[in-house]
Amino acid sequence: MGPLHPASARVHRPTGRQPVSVAVDDDLWSAIGDPTRRRLLDLLLADGDGTATSLSERLPVTRQAISKHLGVLDRVGLVHVTPAGREMRYQVDEAQLARAVAQLSAVGATWDARLRRIKRIAEAIRRTAHETHETHETHETHETHEKKEKD
């Protein structure tokens, strides 16, 4: 998948390991994984933009904590920051958010495919075990019938 944000100096790229065969930015998902940061993204998307002060008035979190959360979102490229007087105005980078959604969809599709393969393997094992059991029962029935005929 290439860089997630043009300001590549601010975005940590994953190391050589590529789990689940999809390029996933761990820092991006760590940022989105926090419930407060997800709520901040929701508010910014709904309102178009906001400052640490305006956002802290709507959440049970201090302005300082909001600023730290917004800093994390900025570092992974999920928000743009624009100076507005003495404050900073934050706005969601919708292209970066779309990339995050695409990554999540790709990871979900990969896991869906893996689970389908696991299901097919489990069903094949079950069928084989069932067929082996039936063959064994048929063999025992045949032996019992032969024994009765000899008696």
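The preceding data block contains the structure.
Residues numbered from 1 in each chain as written. Predicted model: local features only at pLDDT ≥ 70, side-chain atom pairs only at ≥ 80, totals over all residues. Heavy atoms only, no water.

Remarks on helix 4 (residues 63-75)
With 13 residues, helix 4 extends 18 Å between its outermost C-alpha atoms, agreeing within 8% with the 18 Å of an ideal straight helix rising 1.5 Å per residue. Residues of helix 4 that are buried include every one of I66, H69, L70, G71, L73 and D74, and no others. On its buried face, helix 4 is in contact with helix 1 (26-33), helix 2 (35-47), helix 3 (52-56), strand 2 (79-84) and strand 3 (87-92). Phi turns positive, to about 80 degrees, at G77, one or two residues after helix 4. (Helix = DSSP H or I, 4+ residues; strand = E, 2+ residues; numbered from the N terminus. Expected span 1.5 Å × (residues − 1). Buried < 20%, exposed > 50% of the residue type's maximum accessible area, 1.4 Å probe, protein only. Contact = heavy atoms within 4.5 Å.)

Description of the pairing of strand 3
In this structure, strand 1 (residues 50-51) lies alongside strand 3, joined through two bridges in antiparallel fashion. By the bridge assignment, T51 is partnered in strand 3 with R89. Hairpin connection of strand 2 to strand 3: two residues between the antiparallel strands, including G85 at a positive phi of 70 degrees. (Pairing = 2+ DSSP bridges.)

Some points on the nonpolar core
Across soluble globular proteins, you tend to see nonpolar side chains buried next to one another. Of all hydrophobic cores here, the largest spans 20 residues; its most connected members are L40, L44, L55, I66, L70, L73 and L78. Residue assignment for this core shows that the elements contributing at least two residues are helix 1, helix 2, helix 3, helix 4, strand 3 and helix 5 (94-150). Here L73 is in contact with A31, R37, L40, L41, L78 and V79, once residues within four sequence places are set aside. (Core = buried A, V, L, I, M, F, W, Y, C linked by side-chain atoms within 4.5 Å.)

Observations regarding the pairing of strand 2
Two elements, strand 2 and strand 3, share six bridges in a ladder whose sense is antiparallel. Among the inter-strand pairings, H80 is bridged to a residue of strand 3, identified as Q91.

Structural notes on the pattern of salt bridges
A side chain with one charge can pair with a side chain of the opposite charge if their charged atoms come near. Under the defined criterion, the tally for this structure stands at four salt bridges. For D47, the salt bridge is made with R58, and the minimal N-O distance between the two is 2.1 Å. Taken together, the residues span a long stretch of sequence, with D47 in helix 2 and R58 in the loop between helix 3 and helix 4 at a distance of eleven residues. One salt bridge connects K119 with E123, and the closest N-O pair in it is separated by 4.0 Å. (Salt bridge = Lys/Arg side-chain N within 4 Å of Asp/Glu carboxyl O.)

Let's talk about the side chain of Q103
Along the chain, the position of Q103 falls in helix 5. A distance of 2.7 Å separates polar atoms of two side chains, one belonging to Q103 and the other to W29. (Polar contact = N/O pair within 3.5 Å; in protein donor to acceptor, adjacent residues only side chain to side chain.)

Concerning helix 2
Over its 13 residues, helix 2 extends 18 Å from the first C-alpha to the last, a length consistent with the 18 Å expected when each residue adds 1.5 Å. Those residues of helix 2 hidden inside the fold are in contact with helix 1, strand 1, helix 3, helix 4, strand 2 and strand 3. The opening residue of helix 2 is D34, an N-cap whose side-chain oxygen sits 2.9 Å from the backbone nitrogen of T36. Positive phi appears at G48, one or two residues downstream of helix 2, with a value of about 95 degrees.

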